[in-house]
Amino acid sequence: MFKRSLGAAGGYALLVHGGAGDAEGARLQGQAAGCARAAGVGKALLEAGASALDAVQAAVEVLEDDPRFNAGTGGALTSEGALELDASIMEGSSLRAGAVCALPPFKHPIAIARAVLADGKHVLYAAQGAARFALQHGFSAVAPETMITDDARQALARALAEELARRSGGTVGAVARDERGGVAAATSTGGMMAKRPGRIGDSPIVGAGSYADDALGAASATGEGEGILRVALCSRVVSQLAGHGPADAALDALRYMEHRVAAIGGLIVVSKDGQLGVARSTKSMSFAGTWRGHDVVAGG
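The following paragraphs examine the structure supplied in this document. The structure presented is a predicted model; accordingly, all values stated were derived computationally and were not measured. (Residues numbered from 1 in each chain as written. Predicted model: local features only at pLDDT ≥ 70, side-chain atom pairs only at ≥ 80, totals over all residues. Heavy atoms only, no water.)

Observations concerning the nonpolar core
- Counting 50 residues, the largest nonpolar core has Val16, Ile89 and Leu103 as the members making the most contacts within it.
- Ranked by the residues each element gives to this core, the list is headed by helix 2 (residues 52-64), at eight residues.
- Isoleucine 89 has contacts with Leu53, Val56, Gln57, Arg96, Ala97, Gly98, Ile110, Ala113, Arg114, Leu117, Ala185 and Ala186, leaving out every residue within four places of it along the chain.
- Judged by nonpolar contacts, the second largest core, of 40 residues, contains Tyr211, Ala253, Phe287 and Trp291. (Core = buried A, V, L, I, M, F, W, Y, C linked by side-chain atoms within 4.5 Å. Buried < 20%, exposed > 50% of the residue type's maximum accessible area, 1.4 Å probe, protein only. Helix = DSSP H or I, 4+ residues; strand = E, 2+ residues; numbered from the N terminus. Contact = heavy atoms within 4.5 Å.)

Following this line, the structure appears as structure tokens:
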């Protein structure tokens, strides 16, 4: 188990993750650098007065474009070699949320989730319904080969041969607090490598993969999705912020998940006053954080 506290009370704060897994060496360093770049984009927005919601979306879009991560381009493939993408985003003032799951190839699933939030009629759209919503709101589908990488194909082959127990790196996410005290969370993933077509994990499920409430804070999860779903991990950790710091609350929630359902993963958390916490029960989880008056800090 690992935890780390970042940030300080007051002002804006942002934390991103690049997925819990077993990365090491150059791969982990590259993922940490990718997280730092995403955090830098979010930091610039927050410094300019943007909302936490804008900042987490922008940071996650950077990670969706980076094939080192399992989200958007380079995401994990189904057992049939297809890309089915999941994403969710939530803001803490009115508890508005938007999500898509089993989405065919679109460049930025998190932007489509944000459009779902803004539309407001429903919270979650699936598969072809999600694709139809995206097309109706100005997004363009792309050819699968533009988002499916050789690395993802090779990882699928190893997984199908039962040579890969867990892919290094995974789901990406971000949490933020803006200068007005609003919090938000966003999470995006390609899901489990070699998953059955139509399998949905925690990432697009509000309360499991993402959660935000201005009264407490916000969280984004990564790891074994079935376990995260079963304990509603993000709503659990956010509820614990009433009496704990973000890092302690995250570690306690991961311990609970491991004890109850034998699942491992990671969390990033921001409290309502802008303190940041990261915790993992996996070998690694790349992350990067920033807050008012400080440069980006990255690790794994």
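Still to come is the rest of the account.
Overview of the sheet that holds strand 8 (residues 210-213)
- Strand order in the open sheet made by the five strands is 1-11-10-9-8, with antiparallel pairing throughout. Of all strands in the sheet, those with a lone pairing partner are strand 1 (2-7) and strand 8, marking the two edges. Strand-to-strand twist of the sheet, defined as the mean angle between neighbouring strand axes without regard to direction, takes the value 10 degrees.
- Bridge analysis of strand 9 (residues 217-223) against strand 10 (residues 265-271) gives seven bridges, and the strand direction is antiparallel. Across the sheet, serine 220 pairs through a bridge with isoleucine 268, a residue of strand 10.
- Each of strand 1, strand 10 and strand 11 (275-280) touches helix 8 (residues 246-261); the most contacted strand, strand 11, lies at about 25 degrees to it. (Pairing = 2+ DSSP bridges. Axes fitted to C-alpha atoms, helices over the stretch in contact; angles between N-to-C directions.)

Observations concerning the environment of leucine 63
- With respect to the helices and strands, the residue leucine 63 is situated in helix 2.
- For the pair formed by leucine 63 and serine 188, sequence separation is 125 residues and the distance between their alpha carbons is 8.9 Å.
- What leucine 63 contacts, discounting residues up to four positions off in sequence, is Val16, His17, Gly34, Cys35, Ala38, Phe69, Ala71, Val172 and Gly173.

A closer look at the packing of helix 1 (residues 25-47) against helix 2
- Close contact between helix 1 and helix 2 brings their axes to 8 Å; oriented N to C, the two are set at 155 degrees. By the criterion of interaxial angle, the relationship of helix 1 to helix 2 is roughly antiparallel. Crossing geometry of helix 1 relative to helix 2 is assigned as right-handed. Across the interface between the two elements, Gly34, Cys35, Arg37, Ala38, Val41, Gly42, Leu45 and Leu46 from helix 1 touch Ala52, Asp54, Ala55, Ala58, Ala59, Val62 and Leu63 from helix 2.
- Its residues assigned to classes, the contact of helix 1 with helix 2 comprises 11 nonpolar, two polar and two charged. (Parallel < 35°, antiparallel > 145°, perpendicular 65-115°, else oblique. Left-handed = near helix turned anticlockwise from the far one by under 90°. Nonpolar A, V, L, I, M, F, W, Y, C, P; charged D, E, K, R; others polar.)

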